[in-house]
Amino acid sequence: MTRVRCIVFNAALGALDYRVPEGMDAPPGSVVVLPLGPRQILGVVWDEGDLPGDEANAPWPEHKLRAVLEVLPVPPLPVALRRLIAWTADYYLAPLSAVARMALSSSAALKGSGTVTEYRLTGEEPARMTPQRLQALDLLQGEQATMRELAEIAGVSEGVLRGMLGQGLLEPVLVDSDRPYPAPDPQFAAPALAEQQAEAAAEMVAAVKAHTFQPFLLDGVTGSGKTETYFEAVAAALEAGRQVLVLLPEIALTAAFLGRFEARFGVAPVTWHSSLKASERRRAWRQVAFGGAKVVVGARSALFLPFADLGLVVVDEAHEVAFKQDDGVRYNARDVAVMRGHFEQVPVVLASATPALESLQMAEAGRYKRLVLPSRFGGAQLPKIEVVNLTELQPPRGRWLAPPLVEALADRLDKGEQSLLFLNRRGYAPLTLCRHCGFRFKCPNCSAWLVEHRLSQRLACHHCGHEVPPPPVCPECGEPDCLVACGPGVERIADEVSELLPGARVAVVTSDTLASPAAAAEFVAQAEAKAIDVIVGTQLVTKGFHFPELTLVGVVDADMGLDGGDLRAAERTYQQIAQVAGRAGRGAKPGEVLIQTRHPKAAVIAALASGSRDAFYEAETEARREAGAPPFGRWAAIIVSSEDEAEAREAARAIGGTRPDEPGVLILGPAPAPLSLLRGRHRYRLLIAARRSAEVQKLIRTWLAPLRFPPGVRVAVDIDPYSFV
Ligand code: ADP
Ligand code: ZN
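Conventions used here
Sequence order sets the numbering: in each chain, residues are counted from 1 along the sequence as written. All chains are assigned letters beginning with A, and all ligands numbers beginning with 1, in the order in which they are written. Given that this is a predicted model, residues contribute local features only at a pLDDT of at least 70 and side-chain atom pairs are listed and counted only at 80 or more, while totals for whole chains, interfaces and linings are drawn from all residues. The basis for the side-chain values is all heavy atoms of the structure; hydrogens and waters are excluded. Here, proximity means that at least one heavy atom of the residue falls within 4 Å of the molecule or strand. Pairing of N or O atoms within 3.5 Å defines a polar contact, subject to two protein rules: one partner must be a possible hydrogen donor and the other a possible acceptor, and residues neighboring in sequence count only if both atoms are side-chain atoms. Using a 1.4 Å probe, accessible areas were evaluated by the Shrake-Rupley method; residue-level cover was limited to the displayed protein chains. Two strands are counted as paired when DSSP detects at least two bridges linking them. Strands here are runs of E lasting at least two residues and helices are runs of H or I lasting at least four, both read from the DSSP assignment and numbered beginning at the N terminus. Under this scheme, a helix contributes an axis fitted over its contacting stretch, all axes are lines through C-alpha atoms, and angles between N-to-C directions fall in the 0 to 180 degree range. What makes a salt bridge here is a side-chain nitrogen of Lys or Arg within 4 Å of a carboxyl oxygen of Asp or Glu, nothing more. Only protein chains enter the accessibility calculation, which uses a 1.4 Å probe; a residue whose area is less than 20% of its type maximum is buried, one above 50% is exposed, and one in between is partly exposed. Coordination shells were defined by N, O and S atoms within 2.8 Å of each metal, extended to 3.2 Å for Na, K and Ca; water is absent from the atom set, which can make sites look incomplete. When four donors show all angles between 85 and 135 degrees the site is tetrahedral, when four or six donors have opposite pairs over 155 degrees and all other angles between 65 and 115 it is square planar or octahedral respectively, and in every other case it is irregular.

On to the site of ligand 1, then. As a matter of local geometry, ligand 1 sits amid 16 residues, with Ala192, Gln197, Gly223, Lys226 and Arg260 nearest to it. Separating a nitrogen atom of ligand 1 from a backbone N or O atom of Ala192 is a distance of 2.9 Å. At a separation of 2.6 Å, an oxygen atom of ligand 1 approaches a polar backbone atom of Gly223. In isolation ligand 1 exposes 560 Å². Once the protein is present, 80% of that is buried.

So, in structure tokens, the structure goes:
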């Protein structure tokens, strides 16, 4: 009899034993349906003896074993992916099943091949028009999806759409979930590389051909052609018949990326992100597993896709904090990508103009190979950077743009060139209060102010999504029309530009306005067509975009990111400003950057102004080394939360009370988290700061294992934390 140990998708159960019935083949990695009590659950057959401690229930007696019901018609998860899942669970102290679930990210894909019925407009005119039909006819142009998805897109009920189907306004289309993707052609339009590009490309290509693990840090200034350069490695993997994974930090960037990829390889790559339709998800997942999807471009969740034959992993804009996931399994996709390369025995390229200090340190230590592109492609110059000292050159009251920046904007408008203003704050104003009684609008679920959004006419919490329309009277004192906006957000800056330069066409670019790949593509098209004069945006505009006519970048408030004072505040400020500065002067015309600050002497501002990146990184590295902070020490956080304040506090105290006493390990807290209330949960934090050599995971595991908490308490562990709220 064959017995197998399976991970099931219920963290509380751990791994369970089953019997493989006669005639069934269920090798490790098989995705299976299992009986559990009266129910059927999904599981993955796991490698014997390769289960971390928590999952290893005692073997179940043979006569009690129940039989595996079914092996699902997908390839078994490959061994390299199983190792990655096990490593991620172990390193980030996450349940194995929670990590494995990220690999099985399309439930439809597991059912096998098949057809889905989708619907699209026929182009017929309705005999009887209703407002809802009109709306559907308008919003469904060019769409094809299931009824449920169309109803969502059109904002009408499925009933309305079924009526339209009956009238012949919609028609069904049978879609085969396994239809192949067109193959990218590695030779389609290979560019002539500049010398420095060719040298870097050759190293990566050699590693792809050798099929060996080698992390590269592709460290090139903005506009140096990092994408063109790593595309050569992509081409080499395609030549070898293997697959490629490219991770991008934001889906807003994929639009620009897709166009460039298509220009180079003749067809668009396969995309993977959270706003895919269920049928697209199913098709992509299956094609990845069967080897038909050659190049996948995706958000961090693409990291756990079951590639049949991976040949290369690229992490673009690798310094981005968006690669760190802060809920569920708290992992850093940049680091896990390197581990994927390790298990798959393939090269991993981390591309950035402003690498994370951790990555530079790895290069320093010889673990990553650093490839440098020191200058822009095609002779374009890096922009000139100037500091506007706000203590001397104040904007008028109620305004945020100082005179030099306003003049520069007017100058570009005259010349028909584009400008970009950067402020990392969505909405109109970060705080709203009553002018009569001083009441401040606060989120009921979080310790945070509500942010006014004028474009969508609401007050919103950026942490939990709570929204209210701006009230006509103050909820505290009843005064009508009393709201005052305090401080600027991008919408307010956009208003200021429109008032100062009435002719300017201004676009606000944030995650609110670029929420879908389609919206992002629309923005890119408009900017390229010069239908926009001034872009006002958050960190979303700092990276990836290439607009040759953009010659001015204004940083509205360079000091904002430094306020929080967390571990990476200076590094992040440096990266954001250097990246946004890198959007200027990418074409023939030179670029100029104006940085507004109250602290022109601050190390990070001075480094930006003088273009001395190395000096900044060296100083920052020394500061971290002295403080024993990452990457020279290991940090972890424990976050305890409950809807009940007292319960959260008690649980945090219980953890604090049993803290281990180990040399080289400092444990701080528990203390109320800076965001002490988040989504209705009260939060406490502990911070563990340890020597590099300390076994932090083991320490935390043994520390927390014996503790029991009431059901309402959640204890989350964050290894290598990025967020300190
Ligand atoms: P980075 O990502 O390093 O900021 P990009 O990859 O966006 O730089 O390149 C900047 C611009 O230069 C892009 O328009 C790109 O197409 C162009 N470019 C870079 N290298 C080449 C090359 N070898 N041949 C033609 N165009 C190139
Ligand atoms: Zn909230």
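Now that the structure has been shown, the text picks up again.
Pairing in this open sheet of four strands is antiparallel, and the strands run S27-S28-S26-S29 from one edge to the other. Edge positions in the sheet fall to strand S27 (665-678) and strand S29 (714-719), since each has one partner strand and no second. The sheet shows a mean angle of 20 degrees between the axes of neighbouring strands, direction not considered. Judged from the 10 bridges that link them, strand S26 (residues 633-642) and strand S28 (residues 681-691) form a sheet pairing that is antiparallel.

Overall, the coordinates contain 39 salt bridges when judged by the stated rule. Here Arg330 ties to Asp718 by a salt bridge, and the two come within 3.9 Å at their closest N and O atoms. Here Arg330, found in the loop between strand S12 (310-316) and helix H10 (333-344), pairs with Asp718, found in strand S29; they are 388 residues apart in sequence, far enough to count as distant. Residue classification places Asp718 among the buried residues on the basis of a relative accessible area of 1%. Between Arg624 and Glu620 there is a salt bridge whose closest N-O contact spans 3.7 Å. Of this pair, Arg624 and Glu620 both sit in helix H17 (residues 613-627), four residues apart, roughly one helical turn. The structure contains a network of salt bridges with shared partners spanning Arg3, Arg5, Asp17 and Glu62.

Every protein donor of the zinc ion (ligand 2) is accounted for by Cys443 (SG), Cys446 (SG), Cys461 (SG) and Cys464 (SG), and the metal-donor separations fall at 2.2 to 2.4 Å. Classification of the site at the zinc ion (ligand 2) as tetrahedral follows from its four donor atoms and the range of 103 to 114 degrees in their angles at the metal. Given the relative accessible area of 4%, Cys461 is considered buried.

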